[in-house]
Amino acid sequence: MPATLTAPRTAPASSVTSGALSVEDLSNGERKIALYASDMPGSYSYRRGDGPQLMAWIIQGAARLGLEELYRSAAYDHSYRVLSLANLATDEQARAHRARFVNSRRLNRAGSAATITGLGQGAVPYSAAAVARSKRPLVEGTCHCGSTGWFEVCFDPDDATANASQNCPAHNPTGHLPGPSVSVVA
Ligand SMILES: [Zn+2]
């Protein structure tokens, strides 16, 4: 029995096709979470020709979770990852991530397998809607930025003028949100 998300299953585990859903409709992150929730063996590693099996697992996992939960979990995972990579994840966020994805090895394997579906010959492209969704920030737990997209960085605890505003990699990855008012002294 593979580790699955803690979310309740909304479809029978035997479901392999899910109405009109196609893998193309899912972002890389969503394919990853679908694989995590699927019957993909925990020891799985890709072999040439596995494409159709991967697709079937992705559809299976998506059907198990339901699209809403799949989208949400993928967004949580993505936002946590960018915060974690920037060393900005809080303990609260780390706990929430571990509770949601109890098997980190499986999550990593699912991520590698998902990426394969978008690469090389037989790659399944990502629909525009899937790409747009993949940029949606969703943070489980309070963020350093308080969801404003910006937070203060203190470079020198003895010098308040050495503070700077940094954009949050989860809520504001491109720094495009209106920033806090910054006075520039020439
Ligand atoms: Zn943030």
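Note that the coordinates shown come from a computational prediction; the quantities given were computed from them, not determined experimentally.

**Overview of the overall build of the protein chain**
Of the regular secondary structure elements, the protein chain holds six helices and two strands. Beginning at the N terminus, the succession of helices and strands in the protein chain can be written as α-α-α-α-α-α-β-β. The buried share of the protein chain, taken over its 186 residues, is 33%. Taking the contacts inside the protein chain whose residues are at least 6 apart along the sequence as the reference set, 76% of them involve residues at least 24 apart.

**Some remarks on the nonpolar core**
Counting 36 residues, the largest nonpolar core has Ala34, Leu35, Ile58, Ala62, Leu70 and Ala113 as its most contacted members. Contributions of two or more residues to this core are made by α1 (28-36), α2 (51-65), α3 (67-85) and α5 (104-116). Residues from two domains meet in this core; each of domain 1 (23-134) and domain 2 (143-186) gives at least three.

**Topic: the environment of Arg133**
Checked against the element boundaries, Arg133 lands in helix α6 (residues 128-134). Sequence separation between Arg133 and Leu26 is 107 residues, and the spatial gap between their C-alpha atoms is 9.0 Å. Residues within four places of Arg133 in sequence aside, it is in contact with Ser27 and Tyr71.

**Details of the packing of α1 against α2**
Running from N to C, α1 and α2 cross one another at 80°; their axes reach a closest spacing of 7 Å. Between α1 and α2, the crossing angle belongs to the class labelled roughly perpendicular. Two secondary-structure elements touch here, α1 through Arg31, Ala34, Leu35 and Tyr36 and α2 through Trp57, Ile58, Gly61, Ala62 and Leu65. For the contact of α1 with α2, the residue count by class is seven nonpolar, one polar and one charged.

Scoring rules and cut-offs
- Residues numbered from 1 in each chain as written.
- Predicted model: local features only at pLDDT ≥ 70, side-chain atom pairs only at ≥ 80, totals over all residues.
- Helix = DSSP H or I, 4+ residues; strand = E, 2+ residues; numbered from the N terminus.
- Buried ≥ 20, exposed ≤ 12 C-beta atoms within 10 Å, placed from the backbone.
- Contact = placed C-beta atoms within 7 Å.
- Core = buried A, V, L, I, M, F, W, Y, C linked by C-beta atoms within 7 Å.
- Domains from an automatic or database assignment.
- Axes fitted to C-alpha atoms, helices over the stretch in contact; angles between N-to-C directions.
- Parallel < 35°, antiparallel > 145°, perpendicular 65-115°, else oblique.
- Nonpolar A, V, L, I, M, F, W, Y, C, P; charged D, E, K, R; others polar.

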